[in-house]
Amino acid sequence: MRAKASDMHSKDCVKVAVRVRPFNKRERDAGSRCIVSMVSSSITIQDPCESQSRRIFCFDYAYWSHSSFAQDRGGLYVPEEPGGRYADQNSVFQDLGEGILENALQGYNATLLAYGQTGSGKSYSMVGYGPNKGLVPKLCDRLFQAIRENQDTRQCQVFFSMLEIYNEQVVDLLSRASRTPGGLRVREEQQRGFYVEGLRTVPCDSAAQVEQLMEQGTRTRTTAATNMNANSSRSHMLIILQLKQIFSKESITKQSNINLVDLAGSERQRSSGSEADRLKEGTAINLSLTTLGNVISSLADVAVGKKVVHIPYRDSVLTKLLQSALGGNSRTVMIATLSPADICYEESLSTLRYAERAKRIQNRAVVNESPTERLVKELKAENARLLQRLSRLGQEGRRANDETKELRQLLTHNELQIRAIQTLWEQHLQEALKDWEQQYANITQERRMMQMHPYILNINEDAQLSGVVKLFIQEGDWDIGLCDSSPRSISIKGLGIQERHAVFRNEQRRVTLTPLAGSKVIINGNAVFQTETELQHLDRLILGSNCTYLFVGYPSERGGDDWSRYDYDYFQSELAAAEGIHLGESSAESSQTDPSLLAVFYDYIKLMPMVAEANQMSQELNKGVQFKLEIKNLALSDSKGHDLQKEIVVRVTSLGRKQVWMWSKAKLVNRKFLMEEAYQQHQVETSGDNRVEALSTAAVPRDKDPFWDPVEPVLLGTAHLWLQSLAFRIPLEEQLEVLGSEGTEEAILQAQLVPCTSTGLPMGEDDILIDPSELLGRRLDFQLVLEQCCGLRWIREARNRGVQIGFRLFNCSQPLYSPAVWHNVNPLLDHRVHFASLHTSQRLLDYLQSSAVVLELWGLQEGCTDLISCLEGVRMTTEGIFIIEEAGPTDTALVDSAERSCSVRALQQDLEELKSVNASLRKENQSLREQLNAARNGGESVRGRSVRPSCDAEFARALKVFYHSMTSVKGQLQRLRRHRPSEESDLLGLRLFVDEQSRLLRDFSEQLEQSVSTLKQDVAAIVRRKRERSGIWS
């Protein structure tokens, strides 16, 4: 091909459009607020945590599809008012699709990339749903319309190809042959650049034929995703339309490639804390998307004049195929889709940044035109050169097998190209039409069967792939499973599917399902074991780990039900409910579910199928590892008593060695992709005759095994020791329940808070304070004593384990740990830590009166190292006392001058007030002296002088008794909060629960009333005695 001279040096920047979709069900339920605004082509996104933090982006096109729309009678989404701001499918096509079509007709290569997180609206913009057709079908309609309008001046030929890239493997979605192991190869040719060898290209002469081919490709994609255990949101789909225009009068041929690319979901998994997986994230699964980002960043740097040594096109399959679209010979448009919800802030901001980099890329698009016969001559000349090289290699007698093989492959490929060019277009088209007619006949047969028989319909996480596969259940018994040899079998593939998995029976218009031994079958969220179950219309079936189907009954049973609500999330919600995880369970009294709980619920149901698949792979690979979802911090709170942020974690247990790991959501997602690679490799090794011998080949080096990690300490639970008593210098001794993440009791911990002197001697009752403010500016010493742990469930499960207690106090940046104790269910800790405040501030007093020290129980495992206290930045005395607060010259120097002047003024006011008080006290003192002199004997005077100290001591003792009684009241309240009926409780069980709850409430009420009553009586007695003694003076 040659380019027009006028186009050789032209540069085109990648055009970037951004589209904002409406809230989905999850975001509406969570009460999400919109954080994205749009003015013209400018988009502003606001940080939901910081209202003043805003980012502004400008793009070539911006489409507001979030609100201000309505649905007409035909099902089309249109603006509520004519000329409204809502951007419908037509608006998007007029700007983007028409431009792509015009470029293709002019002879340019054109590319459309759809980018965004899973569920952000990529597929809706590209393909559409129902009557709301997306860019691809609209583009095909307009393309063939343009061909018909220009058929007098040119002959047009259209070829259609459809492929998928998953795990760096290319799958031909239109291929009639069985799938090639490892996928199709991507080759490079000097003229064509990178291309997929053996990719089927189908001639088309109508938009209807293209639509049918897309349906065929989608069906293949669905089946492949099930067979490979692949996640469609992690795969890239490419549709390639080759447009060849032959201008007979000018003897010119223009050839354009239209690449329509639906990229994999771009979401970033948020990892909890600073966790980093020892195995690289994503591996081949994420390689294409990661490399695409690197290519875009490099090209953006080139566009602004930076020197870039290498652009990594060759690092992934996707970037090889998109080389011309990014920085090459193509006019390219990217549409970035995003959610405006606050819960998607990080992903949406990432998408906008990605799109901003992409718009800087400069391409060099040229019109691809050539004399019609020139390509054939060039190929023949190249073949002649190849034959000469082969002949020369043979004469020299060198052993160049590899080079000879490569040359013969190129020779064969060129001959195929020559034959393809010389074959008449009509012959290609006739062959394609025969295939199309066969496919149309199959579709017609399927529609006829749908009106005669019940069937099961596949449900996929990707809505585009749901409802594609229909498996009909005709009269009689039908085995369903891997087997396909029997004429009365329904063949399905997937994780956990047995050779004969279950039996469908269709008799007298009644359909039943019977699971066979060892197979996993779930109906409407409940597991079924070898019992015949009658199926009702719209029952939900899960076969194996995660093959999800919707049962559709006989036509007479199908009413006007809305089938669309039975989506993938519905299936997983049913499973979660069966496990006791209900949406909004903890907020029954409120009309709206807590958004944080809702986010956790959706994370839970999203990860459930991944955990089921991981467990199945572990079982088939003989790994002996079990995965279980848990809700972290479900029943835990911080040092102020506020609920901690809840998130999903995965408890991973090695059943043989009793080792436990806690994985974050991000780590599970990454590891599952690595598990898939190991599992697929195992499937290849165990295929055919080697099936039995290769069972042990799943073993890989331990450091590369995605099912294994080095053992590490595990956080088992926490307990709260409230510090309020220290503000009054009252000692506290408690038995604390250590609660696990989900509220289970892990142990009982005996702990004390002991006010003491600077030498560590406990203080007595005379040192108790009535007013905590008396501590201001004074030294405060106390000891935290961890005495014993009782009933450790962690060690009861495996005796080769140990525990440590971790805690941090006030402004300690790093936690302190007790020494490790091993192999004992009721270990003595006998750990004592002395803390001191050299100059007690109001901030420390506020902390003591409103906070608790959170005692963390850490589980140790054989092979892991003990947790060590980090003393960096911690000040200690030579006696080993931890200083939690001190005042010195440095602190004074940090005070702002304005604050100092305010303090001086306040002190002057206080001084004046104190002078006034002092004067009045002097008068009162003089009066008291006169009363004392009038007393009848000196003994009573001595008795009078000790009134205030003795009353203060009595009041302090009363407070101490009250604090101790309130400790037991607080424990009773905690028991009430945790007391819940069992999930399996029947009516009798519920009655027993109500009786027990009434008893606990009665005990709690009595204890609280007794504590308050005792305090009132003690205070009244103290006041009465004080008045009596005061009466002696008068």
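Quantities reported herein were computed from a predicted structural model and do not represent experimental measurements. (Residues numbered from 1 in each chain as written. Predicted model: local features only at pLDDT ≥ 70, side-chain atom pairs only at ≥ 80, totals over all residues. Heavy atoms only, no water.)

## So, helix H2 (residues 89-106)
Point 1. A rise of 1.5 Å per residue sets the reference length of H2, with its 18 residues, at 26 Å; its end C-alpha atoms lie 24 Å apart and thus fit the reference within 8%.
Point 2. Where H2 bends most, the angle comes to about 35°, and this point is aspartate 95.
Point 3. Among all positions in H2, only Gln89, Val92, Phe93, Leu96, Gly97, Ile100, Leu101, Asn103 and Ala104 are buried.
Point 4. At the exit of H2 stands glycine 107, carrying a positive phi of roughly 105°. (Helix = DSSP H or I, 4+ residues; strand = E, 2+ residues; numbered from the N terminus. Expected span 1.5 Å × (residues − 1). Bend = angle between axes of the 7 residues up to and from the residue. Buried < 20%, exposed > 50% of the residue type's maximum accessible area, 1.4 Å probe, protein only.)

## Observations concerning the nonpolar core
Point 1. Counting 52 residues, the largest nonpolar core has Tyr604, Phe627, Leu629 and Trp663 as its most contacted members.
Point 2. Among the elements that take part in this core, helix H13 (residues 595-620) stands out by supplying 12 residues, more than any other.
Point 3. Leave out the neighbours within four places in its chain, and leucine 629 touches Tyr604, Leu607, Met608, Val611, Ile648, Val649 and Val650.
Point 4. Grouped together as the second largest cluster of nonpolar side chains are 51 residues, Val660, Leu736, Phe835 and Leu845 included. (Core = buried A, V, L, I, M, F, W, Y, C linked by side-chain atoms within 4.5 Å. Contact = heavy atoms within 4.5 Å.)

## A short note on the UniProt feature "binding site: ATP" (unreviewed entry) in the protein chain
Point 1. In the numbering adopted here, UniProt assigns the feature "binding site: ATP" (unreviewed entry) to Gly116, Gln117, Thr118, Gly119, Ser120, Gly121, Lys122 and Ser123.
Point 2. With respect to the helices and strands, the residue glycine 116 is situated in the loop between strand E9 (110-115) and helix H3 (122-126).
Point 3. Residue class for glycine 116 comes out buried when judged on its relative accessible area of 0%.
Point 4. Not counting residues up to four positions away in its chain, the partners in contact with glycine 116 are Lys122, Ala264, Gly265, Ser266, Thr337 and Thr351.
Point 5. As for its placement among the helices and strands, glutamine 117 is situated in the loop between E9 and H3. (UniProt positions renumbered as here; feature names shortened; annotations may be inferred.)

## Some details on the pairing of strand E17 (residues 236-247)
Point 1. The buried count for E17 comes to 10 of 12 residues, which makes it a mostly enclosed element.
Point 2. With 11 bridges connecting them, strand E12 (residues 155-166) and E17 associate as antiparallel partners. The partner of glutamine 157 across the bridge, within E17, is lysine 244. (Pairing = 2+ DSSP bridges.)

## Quick notes on the sheet that holds strand E33 (residues 625-632)
Point 1. Spatially, the 3 strands line up as an open sheet ordered E33-E34-E35, and their pairing is antiparallel. With one partner strand each, in any of the chains shown, E33 and strand E35 (659-664) form the two edges of the open sheet. Between one strand and the next, the sheet's axes are offset by a mean angle of 25°, whatever the strand orientation.
Point 2. For strand E34 (residues 647-654) and E35, the ladder comprises 6 bridges, and the chain directions are antiparallel. (Axes fitted to C-alpha atoms, helices over the stretch in contact; angles between N-to-C directions.)

## Some points on the packing of aromatic side chains
Point 1. As enumerated under the stated definition, the model contains 14 aromatic pairs in all.
Point 2. Between tyrosine 61 and tyrosine 63 the ring centres are 6.3 Å apart and the planes differ by 5°, which places this aromatic pair in the stacked class.
Point 3. Tyrosine 61 gets classed as partly exposed once you look at its relative accessible area, which sits at 27%.
Point 4. Where phenylalanine 627 meets phenylalanine 707, the ring centres are 6.3 Å apart and the plane angle is 55°; that geometry is what we call tilted. Highlighted residues: phenylalanine 627 in strand E33 and phenylalanine 707 in the loop between helix H14 (665-685) and strand E36 (714-722), separated in sequence by 80 residues.
Point 5. Exposure remark for phenylalanine 627: the relative accessible area of 3% places this residue in the buried category.
Point 6. Phenylalanine 707 sits in the buried class, given a relative accessible area of 2%.
Point 7. One aromatic cluster is present, built from ring pairs that chain together Phe69, Tyr77 and Tyr86.
Point 8. One cation-aromatic arrangement involves arginine 331 over tyrosine 108; the distance from NZ or CZ to the ring centre is 3.7 Å. (Phe/Tyr/Trp six-rings, centres within 6.5 Å; stacked < 30°, edge-to-face > 60°. Lys NZ or Arg CZ within 6 Å of the ring centre and 35° of its normal.)

## As for the pairing of strand E32 (residues 547-552)
Point 1. Summarising burial for E32: 6 of the 6 residues are buried, a large majority.
Point 2. Because side chains alternate across E32, one face comprises the buried residues Cys547, Tyr549 and Phe551, and the other comprises Thr548, Leu550 and Val552, equally buried.
Point 3. In the sheet, strand E22 (residues 455-458) pairs with E32 via 4 bridges, with the strands oriented antiparallel. Opposite tyrosine 455, over in E32, you have valine 552 as the bridge partner.
Point 4. Where strand E31 (residues 540-543) lies against E32, 4 bridges are found, and the strand directions are antiparallel. Each residue of the ladder has a partner; that of isoleucine 542, found in E32, is threonine 548.
Point 5. Hairpin geometry of E31 and E32 is characterised by an intervening segment of 3 residues between the two adjacent antiparallel strands and by a positive phi of about 70° at glycine 544.

## Focus: the confidence of the model for the protein chain
Point 1. With 81% of its residues at a pLDDT of 70 or more, the protein chain shows a mean pLDDT of 81.
Point 2. Segment residues 269-274 is flagged for pLDDT under 50; beyond a separation of four residues in sequence, or across chains, it makes 12 contacts in the model.
Point 3. Residue range residues 691-697 is modelled with pLDDT below 50. Its contacts to residues more than four positions away, or to other chains, number 9 contacts. (pLDDT = per-residue confidence, 0-100.)

## As for unusual backbone geometry
A negative phi angle is the norm for most residues apart from glycine, just as the trans form is the norm for most peptide bonds.
Point 1. Even without being a glycine, arginine 509 presents a positive backbone phi close to 60°.
Point 2. Its place among the elements puts arginine 509 in the loop between strand E26 (502-507) and strand E27 (510-515).
Point 3. Despite not being glycine, aspartate 830 has its phi angle at roughly 45°, a positive value.
Point 4. Along the chain, the position of aspartate 830 falls in strand E43 (residues 828-837).
Point 5. Owing to a relative accessible area of 66%, aspartate 830 belongs among the exposed residues under this scheme.

## A few points about the side chain of histidine 236
Point 1. Within the element layout of this structure, histidine 236 appears in strand E17.
Point 2. Separated by 3.0 Å, the side chain of histidine 236 and the backbone nitrogen of alanine 264 make a polar contact. (Polar contact = N/O pair within 3.5 Å; in protein donor to acceptor, adjacent residues only side chain to side chain.)

## Structural notes on the sheet that holds strand E28 (residues 521-523)
Point 1. Judged by pairing direction, the sheet is antiparallel, and its 6 strands sit side by side in the order E23-E22-E32-E31-E28-E29 without closing on themselves. Each having just a single partner strand, strand E23 (470-472) and strand E29 (526-528) make up the two edges of the open sheet. The sheet shows a mean angle of 30° between the axes of neighbouring strands, taken without regard to direction.
Point 2. Sheet topology places E28 next to E29; 3 bridges connect them, and they run antiparallel. Its bridge partner being in E29, valine 521 is matched across the sheet by valine 528.
Point 3. Together, E28, E29, E31 and E32 form the strand contacts of helix H12 (residues 568-578), whose direction differs from that of E31 by roughly 80°.

## A word on the pattern of salt bridges
Point 1. Evaluation of the coordinates by the stated rule reveals 25 salt bridges.
Point 2. As a salt-bridge pair, arginine 500 and aspartate 479 come within 3.0 Å of each other at their nearest N and O atoms. Here the residue arginine 500 occupies a position in the loop between strand E25 (489-491) and E26, and aspartate 479 occupies one in strand E24 (residues 476-481), the gap between them amounting to 21 residues.
Point 3. Residue arginine 500 is classed as partly exposed on the basis of its relative accessible area of 43%.
Point 4. On the basis of relative accessibility, which here comes to 16%, the residue aspartate 479 falls in the buried class.
Point 5. Lysine 672 is paired through a salt bridge with glutamate 676; the nearest N and O atoms lie 2.5 Å apart. With lysine 672 and glutamate 676 both in helix H14 and 4 residues apart, this pair spans about one turn of that helix. Neither lysine 672 nor glutamate 676 differs from the other in exposure class; each is buried.
Point 6. Through salt bridges with shared partners, one network takes in Arg219, Glu446 and Lys470. (Salt bridge = Lys/Arg side-chain N within 4 Å of Asp/Glu carboxyl O.)

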